[in-house]
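# Results of the structural survey
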Amino acid sequence: MAKTVREIMSTDCVTASTKDNIYELAVLMKKHDIGFVPVVEGKKLVGVATDRDLVLRGYAEKHSGSTAVSEVLTTTVKTIPSDTTVDEAAKIMARNQIRRLPVVDNGDLVGIVAIGDLAVREIFVNEAGEALSDISEHEHREPLGHVH
C-alpha cells in the first residue's frame with residue numbers, strides 16, 4: 001500500500017492566529033527559524049504567511065508592526081488531506097512550484113508536508129537503507145578490524 005502524507009508530515013506546526021500582528025509573526029519566524037507559518041482560527045486553516053509575504057505585503061507597504069496578520073497572509077492556499085499519497089503530494093508540489101503543503105482534514109490543520117520531508121524520508125532513507133544493508137552484508141562476509 002502506498003505511503004500517505006500522514007506518515008511523514010510534521011504535526012508540531014508553529015502557527016499564528018488572525019489576532020496576531022505582523023511584528024509577532026516576524027518574531028515567531030525568527031524564534032523558530034522558519035519562513036512559513038500557517039494562520040489558523042482555532043484549528044481551522046485560514047491562510048499562510050511567508051517571510052516574503054511579511055516583507056512585500058507588510059513592511060515594504062509601510063505597514064507598522066501592529067498591522068494584523070490578515071493584511072499579509074495568502075488565503076488561496078493549496079492543501080491536501082492526510083490520506084494523500086506521498087507520490088501525489090510530490091506531484092502537487094512540483095506542479096504548483098511550492099515547497100510546503102498544509103495537510104488539512106475537515107478544514108482543520110493537522111500537519112505540514114515540506115519538500116524536505118519527501119526527499120529525506122522517501123529518497124535518502126531508501127538510499128541510506130540500501131547502503132547500510134550493503135555495509136552489513138560486507139561486514140558479515142569479511143569481519144573488519146580483526147587481526148589474524
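It should be noted that the structure appears before, not after, this text.
As a starting point, this report considers the structure included with it. Since this is a predicted model, take the numbers as computed values, not measurements. (Residues numbered from 1 in each chain as written. Predicted model: local features only at pLDDT ≥ 70, side-chain atom pairs only at ≥ 80, totals over all residues. Heavy atoms only, no water.)

Note: α-helices contain 3.6 residues per turn, so residues at a spacing of three or four share the same orientation. Asp53, Leu54 and Gly58 are the residues of helix α2 (residues 51-58) that are buried. In a view along the axis of α2, the buried residues occupy a sector of 100 degrees, so they form one face of it. The inward-facing, buried residues of α2 contact α1 (22-32) and β3 (44-50). (Buried < 20%, exposed > 50% of the residue type's maximum accessible area, 1.4 Å probe, protein only. Helix = DSSP H or I, 4+ residues; strand = E, 2+ residues; numbered from the N terminus. Arc of directions from axis to C-beta. Contact = heavy atoms within 4.5 Å.)

With that out of the way, let us pick up a nonpolar patch on the surface. Nonpolar side chains collect at one region of the surface, where Tyr23, Val27 and Tyr59 lie side by side and expose about 300 Å² of accessible area between them. Considering the arrangement of structural elements, one finds Val27 in helix α1. Assessed through its relative accessible area of 38%, Val27 is described here as partly exposed. (Patch = residues over 30% accessible without salt bridge, like charges linked within 9 Å, V, L, I, M, F, W, Y side chains within 5 Å. Areas by Shrake-Rupley, 256 points an atom, 1.4 Å probe, with all protein chains shown as cover. Salt bridge = Lys/Arg side-chain N within 4 Å of Asp/Glu carboxyl O.)

All of the buried residues along α1 are Ile22, Leu25 and Met29. All buried residues of α1 project into a common sector of 55 degrees when viewed along the axis, lining one side. Every exposed residue of α1 that faces more than 90 degrees away from the buried side is listed here: Tyr23, Lys30 and Lys31. Packing partners of the buried residues in α1 comprise β1 (16-17), β2 (36-41), β3 and α2. Once α1 finishes, Asp33 follows within two positions and takes phi at roughly 55 degrees, a positive value.

This part is about unusual backbone geometry. Phi angles above zero are rare outside glycine, and Lys62 is one such case at about 65 degrees. Mapped onto the elements of the fold, Lys62 is located in the loop between α2 and α3 (86-96). Judged by relative accessible area, Lys62 falls into the exposed class, the value being 78%. Notably, Asn106 is not glycine yet its phi reads approximately 55 degrees, a positive angle. By relative accessible area, which is 74% here, Asn106 ends up exposed.

Right, let's talk about the environment of Val39 for a bit. Within the secondary structure layout, Val39 lies in strand β2. When the C-alpha atoms of Val39 and Val14 are compared, they prove to be 9.2 Å apart, with 25 residues separating the residues in sequence. Filtering out sequence-adjacent residues up to four positions away, Val39 remains in contact with Ala16, Ser17, Thr18, Lys44, Leu45, Val46, Gly47, Val48, Ala49, Val69 and Leu73.

Bringing the packing of α1 against α2 into the picture now. Two numbers describe how α1 lies on α2: the axes approach to 10 Å, and their chain directions differ by 150 degrees. Judged on the interaxial angle alone, α2 and α1 are roughly antiparallel. The interaxial crossing formed by α1 with α2 has left-handed handedness. Here Ile22, Leu25, Ala26 and Met29 of α1 lie close against α2, whose contacting residues are Asp51, Leu54 and Gly58. Of the residues belonging to the contact of α1 with α2, the class tally is five nonpolar, one polar and one charged. (Axes fitted to C-alpha atoms, helices over the stretch in contact; angles between N-to-C directions. Parallel < 35°, antiparallel > 145°, perpendicular 65-115°, else oblique. Left-handed = near helix turned anticlockwise from the far one by under 90°. Nonpolar A, V, L, I, M, F, W, Y, C, P; charged D, E, K, R; others polar.)

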